[in-house]
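For reference, the chains in residue letters:
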Amino acid sequence: VVNVFNNSATVVWQTTEPTVGKVLYSKTEALEMEASDNRDRGQDVPRLVHFITVNSLEPNTIYKFKVKNNGSTSLDFGEIKTASIQENPDEAPVF
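Here goes a summary of the coordinates provided. (Residues numbered from 1 in each chain as written. Predicted model: local features only at pLDDT ≥ 70, side-chain atom pairs only at ≥ 80, totals over all residues. Heavy atoms only, no water.)

### Concerning a nonpolar patch on the surface
Inference 1: Judged by side-chain polarity, Val2, Val12, Leu48, Val49 and Phe51 come together as a nonpolar surface patch covering roughly 340 Å² of accessible area.
Inference 2: By residue number, the principal contributor to the nonpolar patch is strand β4 (residues 47–54), which donates three residues.
Inference 3: Within the element layout of this structure, Val12 appears in strand β1 (residues 9–19).
Inference 4: By relative accessible area, which is 35% here, Val12 ends up partly exposed. (Patch = residues over 30% accessible without salt bridge, like charges linked within 9 Å, V, L, I, M, F, W, Y side chains within 5 Å. Areas by Shrake-Rupley, 256 points an atom, 1.4 Å probe, with all protein chains shown as cover. Salt bridge = Lys/Arg side-chain N within 4 Å of Asp/Glu carboxyl O. Helix = DSSP H or I, 4+ residues; strand = E, 2+ residues; numbered from the N terminus. Buried < 20%, exposed > 50% of the residue type's maximum accessible area, 1.4 Å probe, protein only.)

Structure representation (structure tokens):
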């Protein structure tokens, strides 16, 4: 997980063959929401390296996620902890 902000984070991973990647996520293990690769723009494209930004997150909140490749979902949960809202936006995020 990279580029973690107070309202978004990016999940990056690589596969050994081109796959359509998705991220399933929510505050619980129910994983009600889904995000697609940043580059797909509405059309799923198989890729080796996946960059999926999860948007509209709440600040200072832990989200559960799993990655999905060609319909198969990872077994283990990952976690995203969003940053707190900064009073001074020029300061680095505090986790």
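Still more to cover.
### As for the pattern of salt bridges
Inference 1: By the definition in use, this model includes seven salt bridges.
Inference 2: Lys27 is paired through a salt bridge with Glu58; the nearest N and O atoms lie 2.9 Å apart. Of this pair, Lys27 sits in the loop between β2 (21–26) and β3 (33–36) while Glu58 sits in the loop between β4 and β5 (62–69); the two residues are 31 residues apart in sequence, bridging distant segments of the chain.
Inference 3: Glu34 is the partner of Lys68 in a salt bridge, and the nearest nitrogen-oxygen pair spans 3.2 Å. Of the two residues, Lys68 is situated in strand β5 and Glu34 in strand β3; the sequence distance between them amounts to 34 residues.
Inference 4: Residue classification places Glu34 among the partly exposed positions, given a relative accessible area of 43%.

### Things to note about the environment of Ala35
Inference 1: Mapping Ala35 onto the fold places it in strand β3.
Inference 2: Residue classification places Ala35 among the buried positions, given a relative accessible area of 9%.
Inference 3: For the pair Ala35 and Val67, spaced 32 residues apart in the sequence, the C-alpha separation amounts to 9.7 Å.
Inference 4: Other than its neighbours up to four places away in sequence, Ala35 contacts Lys22, Val23, Tyr25, Ile52, Thr53 and Val54. (Contact = heavy atoms within 4.5 Å.)

### A short note on the nonpolar core
Inference 1: In this structure, Val11, Val23, Tyr25 and Phe65 are the most contacted members of the largest nonpolar core, which totals 14 residues.
Inference 2: Breaking this core down by element, the ones donating at least two residues are β1, β2, β4 and β5.
Inference 3: Not counting residues within four places of it along the chain, the set of residues in contact with Phe65 comprises Val1, Val11, Val23, Leu24, Tyr25, Leu31, Asp76, Phe77, Gly78, Glu79 and Ile80. (Core = buried A, V, L, I, M, F, W, Y, C linked by side-chain atoms within 4.5 Å.)

### Points about the environment of Asn70
Inference 1: With respect to the helices and strands, the residue Asn70 is situated in the loop between β5 and β6 (72–73).
Inference 2: In sequence terms Asn70 and Thr19 are 51 residues apart; their C-alpha atoms lie 5.6 Å from each other.

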